[in-house]
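Structural features, examined
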Amino acid sequence: MDLARRTKETGYGSEGKLMRKSLASRHGSKRELLRIDGRAVEVTMRLNPRARRLIVKVHPSTGEVTVVAPSRISLTRALDFARGETSWIARQLARVPKQVPLVSGARIPFRGVECLIVPAEKGRSFEFAALLGTRPRRVTVRDTASRWGSCSANKSISYSWRLILAPAFVLDYVVAHETAHLLEMNHGPRFWRLVRSLTPEISTAQAWLKENGVMLHRYAARETAP
Ligand SMILES: [Zn+2]
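Now for a description of the structure that goes with this document. The model shown is predicted, which means the values in this text are computed figures rather than measured ones.

**Comments concerning the overall build of the protein chain**
Helices and strands together make up the secondary structure of the protein chain, namely seven helices and ten strands. Per-residue burial for the protein chain yields a buried fraction of 22% across its 226 residues. If you take every contact in the protein chain between residues at least 6 apart in sequence, the share linking residues at least 24 apart comes to 51%.

**A look at the pairing of strand E7 (residues 113–116)**
Strand direction decides the pairing type here: strand E6 (residues 107–110) and E7, joined by four bridges, are antiparallel. Residue pairing in the sheet places Phe110 in a bridge with Val113 of E7. Count of turn residues in the E6/E7 antiparallel hairpin: two residues, of which Arg111 carries a positive phi of about 50°.

**Points about unusual backbone geometry**
Unlike most non-glycine residues, Asp37 shows phi in positive territory, near 55°. Residue placement: Asp37 occurs in the loop between strand E2 (29–36) and strand E3 (39–47). Positive phi, normally seen in glycine, also occurs at Lys155, with a value near 65°. Relative to the assigned elements, Lys155 resides in the loop between strand E9 (149–151) and strand E10 (156–160). The exposure class of Lys155 is partly exposed, given the 17 C-beta atoms found within 10 Å.

**What to know about the sheet that holds E10**
Pairing is mixed across the open sheet formed by three strands, whose spatial order is E8-E10-E9. The outermost strands of the open sheet, each flanked by one partner alone, are strand E8 (138–142) and E9. Strand-to-strand twist across the sheet, computed as the mean angle between neighbouring axes with direction ignored, equals 15°. In this structure, E9 lies alongside E10, joined through three bridges in antiparallel fashion. In the sheet register, Ser150 faces E10, and the bridge partner there is Ser158. Contacts between helix H5 (residues 168–180) and the sheet are confined to E9 and E10, with E9 contributing the most and set at about 15° to the helix.

**Digging into the environment of Val96**
Tracing the backbone shows Val96 in the loop between helix H3 (86–95) and E6. For Val96, a count of 15 C-beta atoms within 10 Å gives the class partly exposed. With 32 residues separating them along the chain, Val96 and Glu64 place their C-alpha atoms 9.6 Å apart. Excluding its chain neighbours within four sequence positions, the residues that come into contact with Val96 are Pro60, Ser61 and Gly63.

**Topic: the nonpolar core**
Ranked by internal contacts, the top residues of the largest apolar core, which has 19 residues, are Leu163, Val170, Leu171, Val174 and Ala176. Secondary structure elements with two or more residues in this core: helix H4 (124–131), E10, H5 and helix H6 (189–198). Sorting elements by how many residues they give to this core places H5 first, with seven residues. Other than its neighbours up to four places away in sequence, Val170 contacts Leu163, Ala205, Trp208 and Leu209. Counting 16 residues, the second-largest nonpolar core is a separate cluster that includes Val43, Leu47, Val67 and Ala78.

**Some thoughts on the packing of H5 against helix H7 (residues 202–216)**
Look at H5 against H7: their axes get within 9 Å of each other, and the N-to-C directions meet at 105°. Our classification of the angle between H5 and H7 gives roughly perpendicular. Counting all contacts with H5, which are made through Phe169, Val170 and Tyr173, the residues of H7 involved are Ile202, Thr204, Ala205, Trp208 and Leu209.

**Thoughts on H5**
In this model, H5 (13 residues) spans 18 Å end to end at C-alpha, consistent with the 18 Å of a helix rising 1.5 Å per residue. Taken across its 13 residues, H5 has ten buried, putting it largely inside the fold. The complete set of buried residues in H5 reads Val170, Leu171, Tyr173, Val174, Val175, Ala176, His177, Glu178, Thr179 and Ala180.

Scoring rules and cut-offs
Residues numbered from 1 in each chain as written. Predicted model: local features only at pLDDT ≥ 70, side-chain atom pairs only at ≥ 80, totals over all residues. Helix = DSSP H or I, 4+ residues; strand = E, 2+ residues; numbered from the N terminus. Buried ≥ 20, exposed ≤ 12 C-beta atoms within 10 Å, placed from the backbone. Contact = placed C-beta atoms within 7 Å. Pairing = 2+ DSSP bridges. Axes fitted to C-alpha atoms, helices over the stretch in contact; angles between N-to-C directions. Core = buried A, V, L, I, M, F, W, Y, C linked by C-beta atoms within 7 Å. Parallel < 35°, antiparallel > 145°, perpendicular 65-115°, else oblique. Expected span 1.5 Å × (residues − 1).

Right, dumping it as C-alpha coordinates:
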(Lines give C-alpha, C1' and ligand atoms only; values in the text may rest on other atoms or scores of the structure.)
Protein backbone atom coordinates (compact mmCIF):
# COMPACT_ATOMS: atom_id res chain seq x y z
CA MET A 1 0.00 0.00 0.00
CA ASP A 2 1.35 3.37 -0.94
CA LEU A 3 1.43 6.20 1.49
CA ALA A 4 -0.09 9.36 0.12
CA ARG A 5 2.68 11.82 -0.51
CA ARG A 6 2.39 15.39 0.55
CA THR A 7 3.58 17.58 -2.27
CA LYS A 8 3.70 21.21 -3.13
CA GLU A 9 4.21 22.39 -6.68
CA THR A 10 5.43 25.64 -8.13
CA GLY A 11 4.02 27.56 -10.99
CA TYR A 12 7.35 27.26 -12.85
CA GLY A 13 6.98 25.38 -16.08
CA SER A 14 9.53 23.05 -17.60
CA GLU A 15 12.36 24.51 -19.60
CA GLY A 16 11.02 23.55 -23.00
CA LYS A 17 11.89 20.94 -25.59
CA LEU A 18 15.38 22.15 -26.37
CA MET A 19 16.40 21.88 -22.73
CA ARG A 20 14.80 18.47 -22.31
CA LYS A 21 16.81 17.11 -25.21
CA SER A 22 20.06 18.25 -23.67
CA LEU A 23 19.43 16.37 -20.45
CA ALA A 24 22.10 13.75 -20.09
CA SER A 25 20.85 12.06 -16.96
CA ARG A 26 17.41 11.38 -15.60
CA HIS A 27 18.81 10.34 -12.27
CA GLY A 28 20.97 13.33 -11.36
CA SER A 29 20.46 14.19 -7.73
CA LYS A 30 22.22 16.19 -5.05
CA ARG A 31 21.76 16.87 -1.38
CA GLU A 32 21.91 20.12 0.54
CA LEU A 33 21.14 21.14 4.08
CA LEU A 34 18.41 23.64 4.69
CA ARG A 35 17.78 25.40 8.00
CA ILE A 36 14.19 24.80 9.01
CA ASP A 37 12.88 25.75 12.46
CA GLY A 38 16.41 26.01 13.79
CA ARG A 39 17.56 22.59 12.63
CA ALA A 40 19.43 21.42 9.55
CA VAL A 41 17.19 19.37 7.30
CA GLU A 42 18.66 17.40 4.42
CA VAL A 43 16.97 18.18 1.12
CA THR A 44 17.44 15.86 -1.84
CA MET A 45 17.13 17.52 -5.23
CA ARG A 46 16.32 15.18 -8.04
CA LEU A 47 16.08 15.63 -11.76
CA ASN A 48 13.03 14.15 -13.39
CA PRO A 49 12.30 15.27 -16.97
CA ARG A 50 8.78 13.95 -16.60
CA ALA A 51 8.03 16.46 -13.86
CA ARG A 52 6.16 19.51 -15.14
CA ARG A 53 7.50 21.96 -12.62
CA LEU A 54 9.51 22.18 -9.42
CA ILE A 55 7.83 20.09 -6.74
CA VAL A 56 8.76 19.80 -3.09
CA LYS A 57 7.69 16.64 -1.28
CA VAL A 58 7.81 15.59 2.33
CA HIS A 59 7.47 11.87 2.90
CA PRO A 60 4.65 11.43 5.43
CA SER A 61 6.34 8.65 7.40
CA THR A 62 10.09 9.26 7.04
CA GLY A 63 10.07 13.04 6.77
CA GLU A 64 12.41 12.85 3.79
CA VAL A 65 12.37 16.16 1.94
CA THR A 66 12.79 16.02 -1.84
CA VAL A 67 12.62 18.65 -4.55
CA VAL A 68 11.94 17.26 -8.00
CA ALA A 69 13.11 19.44 -10.86
CA PRO A 70 12.11 18.98 -14.51
CA SER A 71 15.46 20.23 -15.90
CA ARG A 72 19.07 20.98 -14.99
CA ILE A 73 18.36 24.71 -15.10
CA SER A 74 15.48 24.33 -12.66
CA LEU A 75 17.63 22.01 -10.54
CA THR A 76 19.87 25.00 -9.79
CA ARG A 77 16.81 26.80 -8.45
CA ALA A 78 15.59 23.81 -6.45
CA LEU A 79 17.20 24.76 -3.14
CA ASP A 80 15.95 28.34 -3.42
CA PHE A 81 12.52 27.00 -4.14
CA ALA A 82 12.66 24.77 -1.05
CA ARG A 83 13.92 27.76 0.97
CA GLY A 84 10.82 29.69 -0.06
CA GLU A 85 8.66 26.83 1.20
CA THR A 86 10.28 26.33 4.60
CA SER A 87 7.15 27.09 6.60
CA TRP A 88 5.13 24.58 4.56
CA ILE A 89 7.94 21.99 4.93
CA ALA A 90 8.11 22.67 8.69
CA ARG A 91 4.37 22.06 9.02
CA GLN A 92 4.66 18.74 7.16
CA LEU A 93 7.68 17.69 9.25
CA ALA A 94 5.75 18.44 12.43
CA ARG A 95 3.15 15.88 11.31
CA VAL A 96 5.71 13.10 10.68
CA PRO A 97 5.35 10.48 13.44
CA LYS A 98 8.40 9.92 15.62
CA GLN A 99 10.59 7.12 14.23
CA VAL A 100 10.87 3.93 16.30
CA PRO A 101 14.28 2.30 15.83
CA LEU A 102 14.17 -1.51 16.00
CA VAL A 103 16.37 -1.82 19.06
CA SER A 104 16.16 -3.50 22.43
CA GLY A 105 13.57 -1.78 24.60
CA ALA A 106 11.48 -0.49 21.68
CA ARG A 107 7.79 -1.33 21.52
CA ILE A 108 6.43 -2.46 18.18
CA PRO A 109 3.13 -3.98 17.12
CA PHE A 110 3.46 -7.68 16.28
CA ARG A 111 0.28 -8.96 14.63
CA GLY A 112 -1.34 -5.83 15.94
CA VAL A 113 -0.36 -6.45 19.57
CA GLU A 114 2.22 -4.20 21.16
CA CYS A 115 5.40 -6.12 21.96
CA LEU A 116 8.62 -5.15 23.68
CA ILE A 117 11.87 -5.96 21.86
CA VAL A 118 14.21 -7.81 24.24
CA PRO A 119 17.79 -8.98 23.60
CA ALA A 120 18.24 -12.55 22.37
CA GLU A 121 19.78 -13.67 25.70
CA LYS A 122 16.23 -14.31 26.85
CA GLY A 123 15.52 -16.67 23.95
CA ARG A 124 14.71 -20.36 24.44
CA SER A 125 18.09 -21.47 23.06
CA PHE A 126 19.93 -19.53 25.75
CA GLU A 127 17.42 -20.74 28.35
CA PHE A 128 18.36 -24.37 27.65
CA ALA A 129 22.05 -23.53 27.56
CA ALA A 130 21.75 -21.83 30.95
CA LEU A 131 20.11 -24.98 32.36
CA LEU A 132 23.17 -26.95 31.26
CA GLY A 133 25.49 -24.24 32.57
CA THR A 134 26.89 -23.38 29.16
CA ARG A 135 26.39 -20.91 26.35
CA PRO A 136 26.68 -21.07 22.57
CA ARG A 137 29.23 -18.71 21.07
CA ARG A 138 26.94 -17.83 18.20
CA VAL A 139 23.44 -18.72 17.04
CA THR A 140 22.52 -18.28 13.40
CA VAL A 141 19.34 -19.00 11.50
CA ARG A 142 19.59 -20.15 7.89
CA ASP A 143 17.69 -21.87 5.16
CA THR A 144 19.46 -25.19 5.42
CA ALA A 145 18.51 -27.97 3.01
CA SER A 146 19.24 -31.12 4.98
CA ARG A 147 19.63 -30.33 8.67
CA TRP A 148 17.28 -28.73 11.18
CA GLY A 149 20.13 -27.70 13.36
CA SER A 150 23.85 -28.12 13.79
CA CYS A 151 26.46 -27.44 16.41
CA SER A 152 30.11 -26.93 15.53
CA ALA A 153 33.16 -27.70 17.65
CA ASN A 154 33.60 -23.99 18.31
CA LYS A 155 30.13 -23.86 19.93
CA SER A 156 28.34 -22.16 17.05
CA ILE A 157 24.80 -23.38 16.66
CA SER A 158 22.71 -22.88 13.55
CA TYR A 159 19.06 -23.64 12.91
CA SER A 160 16.78 -23.86 9.92
CA TRP A 161 14.33 -20.95 9.96
CA ARG A 162 11.70 -23.50 8.87
CA LEU A 163 11.46 -24.78 12.43
CA ILE A 164 9.08 -21.89 13.15
CA LEU A 165 6.62 -23.74 10.88
CA ALA A 166 6.71 -26.78 13.18
CA PRO A 167 4.88 -27.26 16.51
CA ALA A 168 6.62 -25.82 19.59
CA PHE A 169 7.62 -29.25 20.99
CA VAL A 170 9.56 -29.97 17.78
CA LEU A 171 11.42 -26.69 17.97
CA ASP A 172 12.15 -27.35 21.65
CA TYR A 173 13.58 -30.76 20.79
CA VAL A 174 15.90 -29.43 18.07
CA VAL A 175 17.12 -26.66 20.38
CA ALA A 176 17.63 -29.16 23.22
CA HIS A 177 19.53 -31.46 20.82
CA GLU A 178 21.92 -28.78 19.55
CA THR A 179 22.37 -27.26 23.00
CA ALA A 180 23.32 -30.68 24.43
CA HIS A 181 26.02 -30.87 21.71
CA LEU A 182 27.68 -27.87 23.37
CA LEU A 183 28.75 -30.35 26.08
CA GLU A 184 28.71 -33.66 24.21
CA MET A 185 29.82 -33.64 20.58
CA ASN A 186 28.42 -37.15 20.04
CA HIS A 187 25.17 -39.10 20.26
CA GLY A 188 26.17 -41.25 23.23
CA PRO A 189 24.15 -42.02 26.39
CA ARG A 190 25.45 -38.92 28.19
CA PHE A 191 24.33 -36.77 25.28
CA TRP A 192 20.79 -38.22 25.32
CA ARG A 193 20.61 -37.79 29.12
CA LEU A 194 21.28 -34.07 28.61
CA VAL A 195 18.61 -33.81 25.89
CA ARG A 196 16.10 -35.62 28.13
CA SER A 197 16.81 -33.19 30.95
CA LEU A 198 15.70 -30.34 28.67
CA THR A 199 12.70 -31.82 26.89
CA PRO A 200 10.51 -34.88 27.45
CA GLU A 201 9.35 -35.07 23.82
CA ILE A 202 12.27 -36.69 22.07
CA SER A 203 10.69 -39.58 20.18
CA THR A 204 7.47 -37.70 19.34
CA ALA A 205 9.49 -34.79 17.93
CA GLN A 206 11.76 -37.10 15.96
CA ALA A 207 8.71 -38.91 14.56
CA TRP A 208 7.08 -35.59 13.69
CA LEU A 209 10.16 -34.41 11.77
CA LYS A 210 10.45 -37.73 9.94
CA GLU A 211 6.79 -37.57 8.96
CA ASN A 212 6.45 -33.85 8.19
CA GLY A 213 9.97 -32.55 7.67
CA VAL A 214 9.78 -32.64 3.87
CA MET A 215 6.58 -30.63 3.97
CA LEU A 216 8.32 -27.77 5.74
CA HIS A 217 10.45 -27.35 2.63
CA ARG A 218 7.37 -26.62 0.51
CA TYR A 219 7.48 -23.03 1.63
CA ALA A 220 9.80 -21.09 -0.63
CA ALA A 221 11.66 -18.20 0.95
CA ARG A 222 11.99 -16.65 -2.49
CA GLU A 223 10.18 -17.07 -5.74
CA THR A 224 11.72 -19.91 -7.68
CA ALA A 225 11.79 -20.18 -11.45
CA PRO A 226 8.96 -22.36 -12.80
ZN1 LIG B 1 23.16 -34.37 16.85
